[in-house]
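Structural description and commentary
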Amino acid sequence: MKIAVYPGTFDPLTNGHVDVALRAKKIFDKVIIMVAANSKKGNHFFTTEERVELAKEVFSHYEGFEVVSTDGLVVKAAKDLGAQALIRGLRAVTDYEMEVQMHEVNEYIEPDIDMVYLMSHRDQAFVSSTNIKELFHYGEDISHLVPKEVLDAMKKKVGRE
């Protein structure tokens, strides 16, 4: 069985993330969505547990997905799960530059785990979790940028139900 891990903080999970995951599933038998606690990123909108539950809810509509979390090295966790690859989405050249550095570190730690990069679709290229949070904060309509489950949870979290 070909297994890939798609790691990220997913704070919040966007339609761009879902698109990358669904395209990865066309290549792999199983895609494990790995929610990284990632304390280096600082202020999280959702807790790790909330992000895991939201991802489970969103991906429950599709076959061949599993959702887990980690607070350790993603590449080590992927190896422990029997994955052959890590999936990464690329939006722009700046993403590529960061990913090259991450690839080198991951290859040093676990040379048997391949990196698979999928370009975001043009209509999702500007979408980042950071942008989503800012647009939401200022009351902009993000309904076409995030799954309904995520939008509902964001509204509930800040009392905008």
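Counting starts from 1 at the beginning of each chain's written sequence and moves along it residue by residue. Reporting of local features is limited, given that this is a predicted model, to residues whose pLDDT is at least 70; pairs of side-chain atoms are given and counted only at 80 or more, and all residues count toward the totals for whole chains, interfaces and linings. The side-chain values count all of the structure's non-hydrogen atoms but skip hydrogen atoms and water molecules.

Another point: the pairing of strand β1 (residues 3–8). For a regular strand, side chains alternate in direction, first toward one face of the sheet and then toward the other. Most of β1 is tucked away: six of the six residues are buried. Throughout this description, buried means an accessible area under 20% of the type-specific maximum (1.4 Å probe, protein chains only), exposed means over 50%, and partly exposed covers the range between. Under the DSSP-based scheme used, a helix requires at least four consecutive residues in state H or I and a strand at least two consecutive residues in state E, with every element numbered from the N terminus. Of the two faces of β1, the one lined by I3, V5 and P7 and the one lined by A4, Y6 and G8 are each fully buried. In terms of handedness, the path from β1 via helix α1 (residues 15–25) over to strand β2 (residues 30–36) forms a crossover that is right-handed. The pairing criterion is simple: DSSP has to find at least two bridges between the two strands. In the sheet, β1 pairs with strand β4 (residues 85–90) via two bridges, with the strands oriented parallel. Residue A4 lies in a different strand from β4, and its bridge partner there is A85. The handedness of a crossover follows from its direction of travel: if, with the strands pointing away from the viewer, the path from the first strand over the helix to the second runs clockwise, the crossover is right-handed.

A word on the packing of helix α2 (residues 48–59) against helix α6 (residues 148–158). For helices, the fitted line uses only the C-alpha atoms of the stretch in contact; every axis is such a line through C-alpha atoms, and the angle between N-to-C directions lies from 0 to 180 degrees. For the pair α2 and α6, the least separation of the axes is 9 Å and the interaxial angle reads 145°. Between α2 and α6 lies a crossing whose hand is right-handed. Residues E50, L54, E57 and V58 of α2 form the contact with α6, whose participating residues are E149, V150, A153 and K157. Partitioning the contact of α2 with α6 into residue classes produces four nonpolar, no polar and four charged. Should the near helix be turned counterclockwise from the far one by less than a right angle, the crossing is left-handed, whereas a clockwise turn marks it as right-handed. Residue contacts are counted whenever heavy atoms from the two residues lie within 4.5 Å of one another. Throughout this entry, Asp, Glu, Lys and Arg are counted as charged residues, while Ala, Val, Leu, Ile, Met, Phe, Trp, Tyr, Cys and Pro are counted as nonpolar. The remaining residues, Gly among them, count as polar.

Looking at where S129 falls in the secondary structure, it is placed in helix α5 (residues 129–137). In this structure S129 comes out as buried when scored by relative accessible area, which is 16%. Setting aside residues no more than four positions away along its own chain, S129 makes contact with D11, P12, T14 and H17.

Turning next to the sheet that holds β1. Taken together, the five strands give an open sheet; going across it, the order is β3-β2-β1-β4-β5, and neighbouring strands pair in parallel fashion. Of all the strands in the sheet, just β3 (65–70) and β5 (114–119) have a single pairing partner and so form its edges. On average, adjacent strands in this sheet sit at an angle of 30° to one another, irrespective of strand direction. Against the sheet, α2 engages β2 and β3, with an angle of about 175° to β3.

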